[in-house]
Amino acid sequence: MQFSVTFRHMEATDALKDYAKERLDKIRKFLPDPIAMHVVMSTERFKHHVDVNLQLHNGFLIAGRESSEDMYSSIDRVTAKIESQVRRYKDKLRTHKSRAGVAPLVASHSILVEEDHVPAATAAVAAEPQSPIIPESEKFHATPMSPADAIMQLNLLGEHFLVFRNEESGQVNVIYRRDDDGYGLIETTAAPS
């Protein structure tokens, strides 16, 4: 396993690095050997932040971030957080395999907007060409996986949505968490000719 530690806005110490490695090494008993583990320790005023990213052989990422007034406490808290994520992941794998005949976890739906059904007020605004301001952009690597795997990855990362490439169709899809604690799937299709 590759283990790396980055220190930001603070002095790099072997004691902190060894403590983080010792604490996070306990997580390995729950997982197949992770490919890489990267820890970022930083300070900001009176807060000590610890970010941990684990990459597994199957392409899954597990991430955690914790802050406190003590770096050792932050390391302990992020270790506990990642350990609970890993346990949930293992439980979901176990229940997912045992429910092979049950309907899929994802309720798929499509959103289609046709120009004929655009309200007049919206059409008038659309007629004035304005370039939208995009204050921030991110690039996503659409990893090939099934929608069920995408849900697990979404829960492990603790995000609201995940962009992925559907293994079956090869198209880019987005899985997202709905307000009713369910999941939604946005599937892309080729434009009609």
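Computed from a predicted structure; not experimentally measured. (Residues numbered from 1 in each chain as written. Predicted model: local features only at pLDDT ≥ 70, side-chain atom pairs only at ≥ 80, totals over all residues. Heavy atoms only, no water.)

(A) Here's a closer look at the sheet that holds strand S4 (residues 61-68). With mixed pairing, four strands are arranged side by side in an open sheet as S1-S2-S3-S4. In this open sheet, the two edge strands, each paired with only one partner strand, are strand S1 (2-8) and S4. The average angle at which neighbouring strand axes cross in this sheet is 10°, direction not considered. Two elements, strand S3 (residues 47-55) and S4, share eight bridges in a ladder whose sense is antiparallel. Bridge pairing links His 49 to Ser 67 in S4. (Pairing = 2+ DSSP bridges. Helix = DSSP H or I, 4+ residues; strand = E, 2+ residues; numbered from the N terminus. Axes fitted to C-alpha atoms, helices over the stretch in contact; angles between N-to-C directions.)

(B) Region of the structure containing helix H4 (residues 147-157). The buried count for H4 comes to nine of eleven residues, which makes it a mostly enclosed element. Along H4, the positions that sit buried rather than exposed are Pro 147, Ala 148, Ala 150, Ile 151, Met 152, Gln 153, Leu 154, Asn 155 and Leu 156. At the exit of H4 stands Gly 158, carrying a positive phi of roughly 70°. (Buried < 20%, exposed > 50% of the residue type's maximum accessible area, 1.4 Å probe, protein only.)

(C) Summary view of the environment of Glu 69. With respect to the helices, strands and loops of the structure, Glu 69 is situated in the loop between S4 and helix H2 (71-98). Considered as a pair, Glu 69 and Arg 45 are 24 residues apart in the sequence and their alpha carbons are 9.6 Å apart. Aside from chain neighbours lying at most four places away, what touches Glu 69 is Phe 46 and His 48. (Contact = heavy atoms within 4.5 Å.)

(D) Main features of empty space enclosed by the protein. All told, the structure shown has one cavity of 30 Å³ or more when counted by the stated rule. Reported here for the largest cavity is a volume of approximately 60 Å³. Tallying contributions element by element places H2 first for the lining of the largest cavity, with four residues. Here the lining of the largest cavity is composed, by residue class, of three nonpolar, two polar and two charged. (1 Å grid on protein atoms, 1.4 Å probe; cavity = no way out; pocket = protein on both sides within 12 Å on 5 of 7 lines; lining within 4 Å. Points joined across faces, edges and corners; volume = space filled by probe spheres on them. Nonpolar A, V, L, I, M, F, W, Y, C, P; charged D, E, K, R; others polar.)

(E) Quick look at the packing of aromatic side chains. Counted according to the given criterion, the structure contains one aromatic pair. A ring pair is formed by Tyr 19 and Tyr 72, whose centres lie 4.9 Å apart and whose planes are at 75°; its orientation type is edge-to-face. Of this pair, Tyr 19 sits in helix H1 (residues 14-24) while Tyr 72 is found in helix H2, placing the two residues 53 residues apart along the sequence. A residue is classified by how much of its surface remains accessible, and Tyr 19, at 23% relative accessible area, is partly exposed. (Phe/Tyr/Trp six-rings, centres within 6.5 Å; stacked < 30°, edge-to-face > 60°.)

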